[in-house]
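# Observations on chain architecture
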Amino acid sequence: MTFVGSAVRREQFPRDGLPEVAFLGRSNVGKSSLLNALARSRNLARVSAQPGRTQTVNFFRVDNEMYLADLPGYGYARVPEAVRAGWEQIVTTYLTDRAPLALCLFLVDSRHEPSKGDATLHEWLDHFGFPYVIAATKADKLGRAELTKRMKALREGIGRTAREVIAVSAEDRTGIEELWGAMRRATAAATHE
Ligand code: GTP
Ligand code: MG
């Protein structure tokens, strides 16, 4: 996996039509860490000590298979209004007109109830009819019983219209291969359409 570049406008998105998987979720949910785990790299995507830092769409290329698009996280309270407006602009731009989009990866923190922003994103995905997989992040931080309980709640809640709901951890690599499987199935199907 290689870093291709950061985009703030539509003209800067890749144009070669390779199918794409978009990483979406609230700030600090673990998007960059999950990208690094998928890539088996320590520092391909920058992991932020402070949330709300990524304000661009960062594109990564997986050979001739797919692009991964790391979108800015939402829901961080302490960002200025102008930054928040900029976030909505770029994510809306991305979601409303991105032909190569094969799958949305919707990251939620496995430890918490979905936030207001998560509920809004869920509505958008259903409204646009995008296929999505839920990745419940930081699964290493929960005990087995608690994780089972949280996964059930996700499957019955915002995950009820998802293709799959997968518990993942960038820390101990739970679910990473399963996630690659879901991503490959979606992008291969898009390539052969
Ligand atoms: P923004 O780019 O700011 O939106 O954040 P992000 O969603 O990219 O999150 P990031 O990967 O930067 O991780 C946020 C914090 O959560 C960091 O302190 C990570 O070390 C921690 N973290 C991420 N994934 C995991 C995980 O699987 N397990 C544990 N224990 N910590 C994690
Ligand atoms: Mg990030």
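In this report, the structure presented in the accompanying data block is examined. (Residues numbered from 1 in each chain as written. Chains lettered and ligands numbered in written order. Predicted model: local features only at pLDDT ≥ 70, side-chain atom pairs only at ≥ 80, totals over all residues. Heavy atoms only, no water.)

For any two helices packed against each other, one specifies the inter-axial angle together with the distance between the axes. Helix α5 (residues 176–191) packs onto helix α1 (residues 31–39) with a crossing angle of 90° between their chain directions and a minimal axis gap of 10 Å. Between α1 and α5, the crossing angle belongs to the class labelled roughly perpendicular. Judged by residue contacts, Leu 34, Ala 37 and Leu 38 of α1 engage Ile 176, Leu 179, Trp 180 and Met 183 from α5. (Axes fitted to C-alpha atoms, helices over the stretch in contact; angles between N-to-C directions. Helix = DSSP H or I, 4+ residues; strand = E, 2+ residues; numbered from the N terminus. Parallel < 35°, antiparallel > 145°, perpendicular 65-115°, else oblique. Contact = heavy atoms within 4.5 Å.)

So, about the sheet that holds strand β1 (residues 2–7). With mixed pairing, the seven strands of this open sheet are ordered in space as β1-β3-β4-β2-β5-β6-β7. Looking along the sheet, the strands with just one partner apiece sit at the ends: β1 and β7 (164–167). Within this sheet the neighbouring strands show an average axis-to-axis angle of 25°, counted without direction. Where strand β2 (residues 20–25) meets strand β4 (residues 66–70), four bridges bridge the pair, whose relative direction is parallel. Note that in β4 the partner of Ala 22 across the bridge is Ala 69. Helix-sheet contacts for helix α2 (residues 81–96) involve β1, β2, β3 (57–62), β4 and β5 (101–109), and the interaxial angle to β2 is about 145°. Each of β5, β6 (132–137) and β7 touches helix α4 (residues 144–156); the most contacted strand, β7, lies at about 160° to it. (Pairing = 2+ DSSP bridges.)

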